[in-house]
Amino acid sequence: MAFKKFLRKILVTVMSVFVLISSLTLSASAISGIEEPAYTNYFYEHDGTSKRIVEDRPVYVNSHVIDGRTLGLDSFYIVNDVYSTDDAVYILDSGNGRIVVLNKDYSLKKTIDSFVMNGEIQELNEPQGIYVDSEENIYIADTENMRVLVCDINGKVSQCFTAPKSELIPDDFDFFPINMLIDKSGYLYILTRGSYYGAMMYDLDRNFVGFYGANSVSVTILEGISSFINSIFETNEKLANSVKKLPYQFYDFDTDSSGFIYTVSPSSTGQIKKLNLKGTNTLKYKKGISVVSAESFNFGALDTYTDLSGKERKQSFSSIAVDEKGFIYALDSSYGKVYIYDSKCNNIAVFGGGVGAGYQKGTFVSASKIEISNEDLLICDAEKNCITVMSRTDYGNLIMHAGYLTDDGEFEEAEPLWKEVLTYNSNRQVAYRGLALVNLNSENYDKAMEYAELGLDQESYAAAYEQIISIFLNKHLWWILLIVVGLIIGVTVLILKPKKEENRLNRFKTLSDVFKIISHPIDLAAEMRAKRAGSLTAATLILIIFYFSQIAVKQWSGFMYVLPNSSFNPMYVLLGSVGVVILWVVCHWGVSAIFSGKATLRNIYIVSSYSMLPLIFYNIVFVVVSYFVVPSSSSFITVLQMIAYAVVAILLVFTLINLQEYSLGKLFGVSVVTVFGMLVSAFLIFMVLTLGQNFISFAVNIISEGIYR
Amino acid sequence: MKKILKQTVSLVLLLCIISLSFCGCGGNNTKEELNASYSDNEAESISSGVVAQNDIYELIWDDDKKCVLVHEKGTENYWSNTPYEHYKLEDPSGVGHVRMSSAFYLEYLAERKLNTAYSYVAAYMNGDIIAEKIENGIRVIFYMSELEISVPLEYRINGEKIEVSVDVKNIRENSNLVYSISVSPFMCSAKNNEKDAYIFVPSGSGTLMYVDEGGRNTRTFSAEVYGMDYASTVTEKLSNKESIAMPVFGAKYKDKAVCGIITEGAEISRIDAEVGNIDYGYSSVYATFLLRGINTLFVTNNQGTTSQVLVSTDGMVDLAKPTVTYIPLLDEKADYMGMAEVYKNYLCEKYNLKRGEELNNNSDLYLQIFGGAEIATDFFGFAKRELRVSTTFEEAKDIVFDIKETIGAKPVVQLKGYGHKGLDLDKIAGGIKFVKDFGDFNTLNEWCDKNEVSLYVDYDAVNYRRGGLGVSKYSSASKTANRLNAKHGMISIENYNSDSPYSYFYLKRDLIPKIINKVIKFSNKKALDGISLESLGNKSYSDYSTQKGYNKLGFSEIIQNAAMDVRENGILVMTEDSFDYAAAVSDCIISSVTKSSDYDGFDKDIPFYQIVFKGLKPIAVSPINLAINTSDQFLKAIETGTALSFSLCDDWNSEFTASEQSVFQFCLYDIWKGQIAEMYNSSKEYISSVINSEIKEHKYISDDVVKTVFANDVTVYVNYSDMSLDCEGVSVPAKGFIFK
């Protein structure tokens, strides 16, 4: 008994220490690694559940700046847009009401200072956007004049779009055009300021035909419940005055060579969309081994910028450009950053900066527009009155070309490029992914698996592994079949052989009790009531094993199923496994005490812990199987998991009915109340912990102040 | 009894009121006092005319315009704060006139907010200006009656130099507190849109700002000399900026130039420039002396509104006369090469450096080898951090051996990150030990000795995160202006937020020598060739626990003394990307900066730093393999004839992704050895021919081609473009060089 007590104390101490250690996280400061321009360069690497930042060499650097001086003109004044065609670059110098046309080498070609419509000179009023079609017609979003002008290179206006008269146009709609686009089939799209209906679409005859591809409002379950409750209790007046959640408007759009329209919005996820003809978002990204919609994908920063006074500055994607290979270049005007993604939403690079005060080259004060010209990126800054030309570095060229070739399935050509990328940065996930694909394609499966693991590419890893297994089975199928048949015969013989000696388990009463819950749960419950059967120590040990088996599933499972997770926190596992069981035990005991239950706290604890055995078994099987079975053939694992949960439920029902002396219906009712009680208790615990944390933080602050002074 | 009590209380209250009424007056001067001091001076105020002269100059005082001019004898050259063309205007006016006629700009604190005053408005129009003769010069006192501040400036001529000093000890102030004084803002200036005119600012390696106006926005630049003050609670890094390593600046206009050197008080100064302003018609660069420590606090009221409050030190810096020395340059000397020459002469005089002598321990190849770093790992799911080794001493030896064997170089080697937590901060100077995980140091050291390879070990004697070696975590930190511990958090490269829980401290300045002594003892024990003091040579910070430590003042002496102590023990000193005072006292300089902070107004980066130190000290460029563009970085080394440099490690594996240090993924030796050999072999002959030579001439032949001539008449043409170009009869290959 004393030993048991001692063991219990040890266990409790060890658990506490583990919990304490796991709650501590340490970190260190970084020395500067790579030499960088004025701005930081990095990319996001996905490591399972989250993404993390990896410092990188510059993919683009500022090569030069286009301003009035370099062109021999007066200074630009509020450069709002730039558009590049095959032959020229058009700059919308809004403040000066002119369009500056450049050759592709950025030398001055022409300035369009005056716009004539029907013999009258037209003054532009804060124009926001410019677009040039294949026939060199220039579309100008003359925003504050509420019109779109179409003119030629000499400024002669041939067409003017104002707000269309249509039943489809809502009464409160204001026509403040900000950008235009003509798709592959010749349809014209006009974006208007503040409109959440989508882009205005005009047919080939330039008749307004409706709105295209509006963003939708995403409502969380909590928001839905809250809205429902409000609709019941709030007065009509209050409801009418409440803030409605409207969809985000499109800030900019662009089209690729396949005719998809890419849009950008300042939302918190799904900022970038790739719309098909119907206006449906077709952009997808790889999440583990499945490919899912990018609606929930965060294209932006992990965390928001907070200034020294504690004020947050939210990110705002405001412009987008797409190259002919479908690589996406999105501009965040709030932080002054450019995000580059490949067609599968792999982040290639993030660079730029300034956070509204970037007076160094490659940083921005008020970045307004991004455009692609050959391989250069042109970025307008309305405040700095210039266009920054960002050119690819050698490293950038390698990454982009390797990406293009891989996308096109030209793996052999891509391989040396990816390898060279790794000489510049050994920690380039996208290069490892590319090499995994290359090796997979060239049937070099071992290498493919090695690269896939480094690139955290579960899909390629599983595909390569499947091929290896397939080859192995093809080679050794007869031997394997023979071994399996032999094993089956052996096991059958063992089972049929008469038992000569008593089950060894019976020699150890406690162990026997533990496994009795599987074979004879009702008997165990009866013995517990009658003879105080069961062991607290064994129950605690089972809980500990359960906890570690959960850890094993999350941390030690095969790469095909679980990615290494740098933000793994064992505290959450503890709360999600042992914590839930303990909470269940306490709440069930409390509730059953009210509903005339006969079970003691000890007995509930023991049966609840013992009932976790099927889950432990499943966890162990999962960890082992995850190394051998490819995800595409893993449906039996899911079935096994469901069985394990069902067995846990059955065991609890059988034992608790007997211990509590309840009917099945009553147990169900009590269990429902228990679950409700668990939720309430969890909420209270959370509250207490939060308050405690605040108090500790307050105390720490006071102590720190004292120490500092 | 009641009466006595009442009387006692009344008496105490009365005493309190009287004493309170005197509070706040201590240390300040009443207006009457200030006025009194001026009435004394007024009688001695001098009239217009020549007040001092030497063989070269006449110092002239214009009492009407209250302006000091320096006239070069026998010529029509005048040097003044007010550009001479503007000075001669009969009826000048406007914003530009206010600025150009101001002998100084003043920033002062009023109700905890910073305001700016211009001496022309505050003293000439709304106050008084008095001049008196002093030895070789003139003392001008500016009384700003509305601000109740008076500032004395002293102008002297000393040979070819014009010196302007602020007499800090005699500055008078009342409730408005002087924060900074910008001296002679237009002494170094150039008329806008003038061809070939430029402003030189020493950002990073140095840069030129062209003075065009109208075609682009006005360009400004402002940065503290020797970088930001780390003893500041305001820590926000929104972009990468190169520090000012040299307190020198200048302006070129037609065939004239003026070079300004901050000869006294460089540590407390800032260099400001304003270029292409259409309102002035002139562009200028000038020095600003920060006379008080200041810290920004953010105070949130009950309504949740946050406001910014400035907290300043009571007293001013403990420096009598911060001085800017101007050296006018003419004709062929009137360019940045001429400025580099006068600055080099100034450094040689100040630090007793000899020119034209053979440099000891010089090499054409420098290697920086990284030991290891901590990684985040787990023990059965529980988070922990442990050291991961990237390069053991044995592997470092193999790398150096391999390089020596394959390319025949005799490199200088710097070891970094071999202490307590590798490259990560922990105890001060990495605990001053080699962690056993890195293997046996003696084998490497003995091999280096035998093969005449100089070996330096780097110690961070500035930053620490944990106590130890006589350093206490909290009480050994330097203090900020509001007396808190100076500490910094890691800045996120994503959103620039400071990760405060992982902050590290700045060691109290008077403890640094003690740590250096411990490093010396350890180095002697290990028979080390040299010590590398990276952080001490390229960081500078204040300690507000003493007035002597305000605004970084006196930090340069620490490394100068440290270097002296190290040398006395027969150990060499290496500095990295170091400030001029550290570079001047070191035995070699590695990772010398080759670019500027890239501000919008910077038009052409120049290797001013290399031009100054080449030939004075063994010098290497910043590591080529860590550069933005490796081929351009190689060419930058060629351009200035400085040694090549590479950062290397032996091992990188995916475990290092869990490290805070990203450097390992960029510098694997196996990957870079081919390129090291290629670059070294292609430049060996040229670099060895100019390794000890100073740079005599440096100029841009075109946008992409640079010509450098060395003291031994070796000339190199470097072509940064993608196509081969012909210059001065020489065909320079694309992305290549040619020397003769």
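Provided above is the structure to which this section pertains.
Please read these numbers as outputs of a predicted model, since none were measured by experiment.

Analysis parameters
- Residues numbered from 1 in each chain as written.
- Chains lettered and ligands numbered in written order.
- Predicted model: local features only at pLDDT ≥ 70, side-chain atom pairs only at ≥ 80, totals over all residues.
- Heavy atoms only, no water.
- Salt bridge = Lys/Arg side-chain N within 4 Å of Asp/Glu carboxyl O.
- Helix = DSSP H or I, 4+ residues; strand = E, 2+ residues; numbered from the N terminus.
- Buried < 20%, exposed > 50% of the residue type's maximum accessible area, 1.4 Å probe, protein only.
- Contact = heavy atoms within 4.5 Å.
- Polar contact = N/O pair within 3.5 Å; in protein donor to acceptor, adjacent residues only side chain to side chain.
- Nonpolar A, V, L, I, M, F, W, Y, C, P; charged D, E, K, R; others polar.
- Pairing = 2+ DSSP bridges.
- Axes fitted to C-alpha atoms, helices over the stretch in contact; angles between N-to-C directions.
- Parallel < 35°, antiparallel > 145°, perpendicular 65-115°, else oblique.
- Left-handed = near helix turned anticlockwise from the far one by under 90°.
- Patch = residues over 30% accessible without salt bridge, like charges linked within 9 Å, V, L, I, M, F, W, Y side chains within 5 Å.
- Areas by Shrake-Rupley, 256 points an atom, 1.4 Å probe, with all protein chains shown as cover.
- Lys, Arg positive; Asp, Glu negative; His and termini not counted.
- Charge placed at Lys NZ, Arg CZ, Asp CG, Glu CD.
- Core = buried A, V, L, I, M, F, W, Y, C linked by side-chain atoms within 4.5 Å.
- Disulfide = S-S within 2.5 Å.

Visitor: Would you mind showing me how to read the pattern of salt bridges here?
Guide: When charged atoms on two side chains of opposite charge get close, those side chains can pair. Residue and element names in this part refer to chain B. By the definition in use, this model includes 55 salt bridges over all chains. The salt bridge partner of Arg 139 is Glu 154, with a shortest N-O separation of 2.8 Å. Within this pair, whereas Arg 139 is found in strand β8 (residues 137-144), its partner Glu 154 is found in strand β9 (residues 149-158), the two being separated by 15 residues in sequence. The two residues Arg 139 and Glu 154 agree in class, both being buried.

Visitor: Explain unusual backbone geometry to me, please; I cannot follow it from the model alone.
Guide: For residues besides glycine, phi is generally negative; the peptide bonds are generally trans as well. Even without being glycine, A:Glu443 reaches a positive phi, approximately 60°. Position of A:Glu443 relative to the elements: it lies in the loop between α7 (429-441) and α8 (445-454). Non-glycine residue B:Lys66 carries a positive phi angle of around 50°. With respect to the helices and strands, B:Lys66 occurs in the loop between β2 (57-62) and β3 (67-72). Since its relative accessible area comes to 21%, B:Lys66 is described here as partly exposed.

Visitor: Please explain the interface of chain A and chain B as it appears in this structure.
Guide: One frequently used descriptor of interface size is the decrease in accessible area upon assembly of the parts. Contacts between the two partners involve 77 residues from chain A, matched on the other side by 71 residues from chain B. Run the count over chain A and chain B and you get three salt bridges. The partner of B:Asp600 in a salt bridge is A:Lys384, and the shortest N-O contact between them spans 3.0 Å. At the boundary of chain A with chain B, the tally comes to 27 residue pairs in polar contact (both at pLDDT 80 or more). For the side of chain A that touches chain B, the elements supplying multiple residues, two or more each, are α1 (2-23), β1 (40-47), β2 (50-55), α2 (68-71), β23 (305-306), α6 (411-424), α12 (536-555) and α17 (664-708) of chain A. A breakdown of the residues in the side of chain A that touches chain B according to their chemical character gives 37 nonpolar, 22 polar and 18 charged.

Visitor: What should I look at first to understand the sheet that holds strand β18 (residues 252-255) of chain A in this one?
Guide: Sheet strands pair via backbone hydrogen bonds, and the direction of the pair is either parallel or antiparallel. All names here are of chain A. Reading across from one edge, β18-β19-β20 is the order of the three strands in this open sheet, with antiparallel pairing throughout. Two strands bound the open sheet, and with one partner strand each, they are β18 and β20 (272-275). In this sheet, neighbouring strand axes are inclined to one another by 20° on average, regardless of whether the strands run parallel or antiparallel.

Visitor: It is not clear to me how the packing of helix α9 (residues 512-525) of chain B against helix α11 (residues 555-568) of chain B should be interpreted in this structure. Could you clarify?
Guide: The relative placement of two packed helices is expressed as an angle between their axes plus a distance between the axes. Residues and elements named next belong to chain B. Viewed as axis vectors pointing N to C, α9 and α11 meet at an angle of 20°, and their least axial separation amounts to 10 Å. The orientation of α9 with respect to α11, classified from their angle, is roughly parallel. For the crossing formed where α9 meets α11, the hand is right-handed. Between α9, through Ile 512, Ile 516, Asn 517 and Ile 520, and α11, the contact on the second element is made entirely by Phe 555, Ile 558, Ala 562, Asp 565 and Val 566. Partitioning the contact of α9 with α11 into residue classes produces seven nonpolar, one polar and one charged.

Visitor: Explanation requested: the packing of α6(A) against α7(A) in the structure shown.
Guide: All names here are of chain A. At a minimum axis distance of 9 Å, the contact between α6 and α7 shows a crossing angle of 150°. Read as a crossing pair, α6 and α7 show a hand that is left-handed. Residues Phe 411, Ala 414, Glu 415, Trp 418, Lys 419, Val 421 and Leu 422 of α6 form the contact with α7, whose own contacting residues are Val 430, Ala 431, Tyr 432, Gly 434, Leu 435, Leu 437, Val 438, Asn 439 and Asn 441. Among the residues making up the contact of α6 with α7, the classes are represented as 11 nonpolar, three polar and two charged.

Visitor: Got a minute to help me understand a negative patch on the surface in this structure?
Guide: A contiguous patch of negative charge on the surface is contributed by A:Asp394, A:Glu420, B:Asp704 and B:Asp722. Note on placement: B:Asp722 falls in the loop between β39 (715-719) and β40 (725-727).

Visitor: What's the story with the environment of B:Tyr418 in this structure? I'm lost.
Guide: Residue and element names in this part refer to chain B. Tracing the sequence through the fold places Tyr 418 in the loop between β26 (412-416) and α8 (441-450). When its relative accessible area of 3% is taken as the criterion, Tyr 418 is described as buried. With 178 residues separating them in the primary sequence, Tyr 418 and Ser 596 have C-alpha atoms 31 Å apart. Apart from the residues within four sequence positions on either side, Tyr 418 is in contact with Ile 369, Phe 370, Gly 371, Thr 391, Thr 392, Phe 393, Ala 396, Lys 433, Phe 434, Val 435 and Phe 438.

Visitor: So what exactly am I meant to see when it comes to the nonpolar core here?
Guide: Formed by 201 residues in total, the largest nonpolar core has its most connected members in B:Leu106 and B:Leu415. Here this core takes 10 residues from helix α6 (residues 336-351) of chain B, the largest share from any one element. In this structure B:Leu415 touches B:Ile369, B:Phe393, B:Ala396, B:Phe441, B:Leu444, B:Leu455, B:Tyr456, B:Val457 and B:Asp458, once residues within four positions along its chain are discounted. One finds A:Ile370, A:Leu377, A:Ala462 and B:Phe666 within the second-largest nonpolar core, a separate group that totals 69 residues.

Visitor: Just to check I follow, could you spell out the state of the cysteines for this structure?
Guide: Within the structure shown, the criterion is met by zero disulfides over all chains. Its sulfur unpaired, A:Cys380 is 8.9 Å from the next cysteine sulfur, which belongs to A:Cys386. B:Cys188 provides the cysteine sulfur closest to B:Cys67, a residue in no disulfide bond, and the two sulfurs are 15 Å apart.

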